[in-house]
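If you want the building blocks of each chain, they are given just below.
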Amino acid sequence: QVQLVESGGGLVQPGGSLTLSCTASGNIFENYIMGWYRRTPGQRRELVAHITSGGSIMYADSVKGRFTISRDIVNNTVNQQLQMNSLKPEDTAVYYCNFWDQSLYWGQGTQVTVSS
């Protein structure tokens, strides 16, 4: 079992920045993918970015150049951050931390609102 704890999110003006954090702990296998998804009302959950245990990173086209995903590992805990810059109103969504090794895990979700 893996436990995910999210933090961050909130209200920010267009052009502003926010940082989301997610900590994965528990029985983590050697190979995993950890990332962020987001969902707006009436829409499907979409991938924002992810990072693999090997360090490979992928971003959605809509966030390339604006968002940065990173992680560090302390003992058997993976701390991941999503730095979001130059935020736009269309980035408004509930953001979910996601972790996959041999099972799939989701965080509780955190609201990000970009509005003036």
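The following refers to the structure shown.

About the cut-offs
- Residues numbered from 1 in each chain as written.
- Predicted model: local features only at pLDDT ≥ 70, side-chain atom pairs only at ≥ 80, totals over all residues.
- Heavy atoms only, no water.
- Helix = DSSP H or I, 4+ residues; strand = E, 2+ residues; numbered from the N terminus.
- Polar contact = N/O pair within 3.5 Å; in protein donor to acceptor, adjacent residues only side chain to side chain.
- Contact = heavy atoms within 4.5 Å.
- Buried < 20%, exposed > 50% of the residue type's maximum accessible area, 1.4 Å probe, protein only.
- Salt bridge = Lys/Arg side-chain N within 4 Å of Asp/Glu carboxyl O.
- Pairing = 2+ DSSP bridges.
- Axes fitted to C-alpha atoms, helices over the stretch in contact; angles between N-to-C directions.

As for the side chain of Ser-21
Turning to step 1, where the next piece is worked out: Position of Ser-21 among the secondary structure elements: in strand E3 (residues 18-26).
Turning to step 2, where the next piece is worked out: Of note is the side chain of Ser-21, whose polar atom sits 3.5 Å from the side chain of Gln-81.
Turning to step 3, where the next piece is worked out: Dropping the residues within four chain positions of it, Ser-21 is found in contact with Val-5, Glu-6, Ser-7, Trp-36, Gln-80 and Gln-81.

With respect to the side chain of Thr-110
Turning to step 1, where the next piece is worked out: Mapped onto the elements of the fold, Thr-110 is located in strand E11 (residues 110-114).
Turning to step 2, where the next piece is worked out: The exposure class of Thr-110 is buried, given its relative accessible area of 12%.
Turning to step 3, where the next piece is worked out: Among the polar contacts made by the side chain of Thr-110, one reaches the main-chain carbonyl oxygen of Gly-8 at a distance of 2.9 Å.
Turning to step 4, where the next piece is worked out: Other than its neighbours up to four places away in sequence, Thr-110 contacts Glu-6, Gly-8, Gly-9, Leu-20, Ala-93, Val-94 and Tyr-95.

Examining unusual backbone geometry
Keep in mind that most residues, glycine aside, have a negative phi and that most peptide bonds are trans.
Turning to step 1, where the next piece is worked out: Positioned with a positive phi, Asn-75 is a non-glycine residue whose angle comes to about 55 degrees.
Turning to step 2, where the next piece is worked out: Its relative accessible area of 75% is what places Asn-75 among the exposed residues.
Turning to step 3, where the next piece is worked out: If you check the backbone angles, Ser-86 has positive phi at about 50 degrees while not being a glycine.

A word on the pattern of salt bridges
Turning to step 1, where the next piece is worked out: Counted by the stated rule, this structure contains four salt bridges.
Turning to step 2, where the next piece is worked out: Note that Asp-61 and Lys-64 form a salt bridge whose closest N and O atoms lie 3.0 Å from each other.
Turning to step 3, where the next piece is worked out: With a relative accessible area of 64%, Asp-61 lands in the exposed category.
Turning to step 4, where the next piece is worked out: On the basis of relative accessible area, Lys-64 is assigned to the partly exposed category, the value being 49%.
Turning to step 5, where the next piece is worked out: Residues joined in a network through salt bridges with shared partners are Arg-38, Glu-46, Arg-66 and Asp-91.

Examining the pairing of E3
Turning to step 1, where the next piece is worked out: Looking at chain direction, strand E1 (residues 2-8) and E3 are connected through seven bridges and run antiparallel. Across the sheet, residue Ser-7 finds its bridge partner in E3, namely Ser-21.
Turning to step 2, where the next piece is worked out: In this structure, E3 lies alongside strand E8 (residues 77-84), joined through seven bridges in antiparallel fashion. Bridge pairing in E8 places Ser-21 opposite Gln-81.

Details of the sheet that holds E8
Turning to step 1, where the next piece is worked out: The strand order E1-E3-E8-E7 describes an open sheet built from four strands, whose pairing is antiparallel. Strand pairing shows two members of the sheet lacking a second neighbour, E1 and strand E7 (67-74), which therefore form its edges. Neighbour-to-neighbour, the strand axes of the sheet open up by a mean angle of 15 degrees, direction not taken into account.

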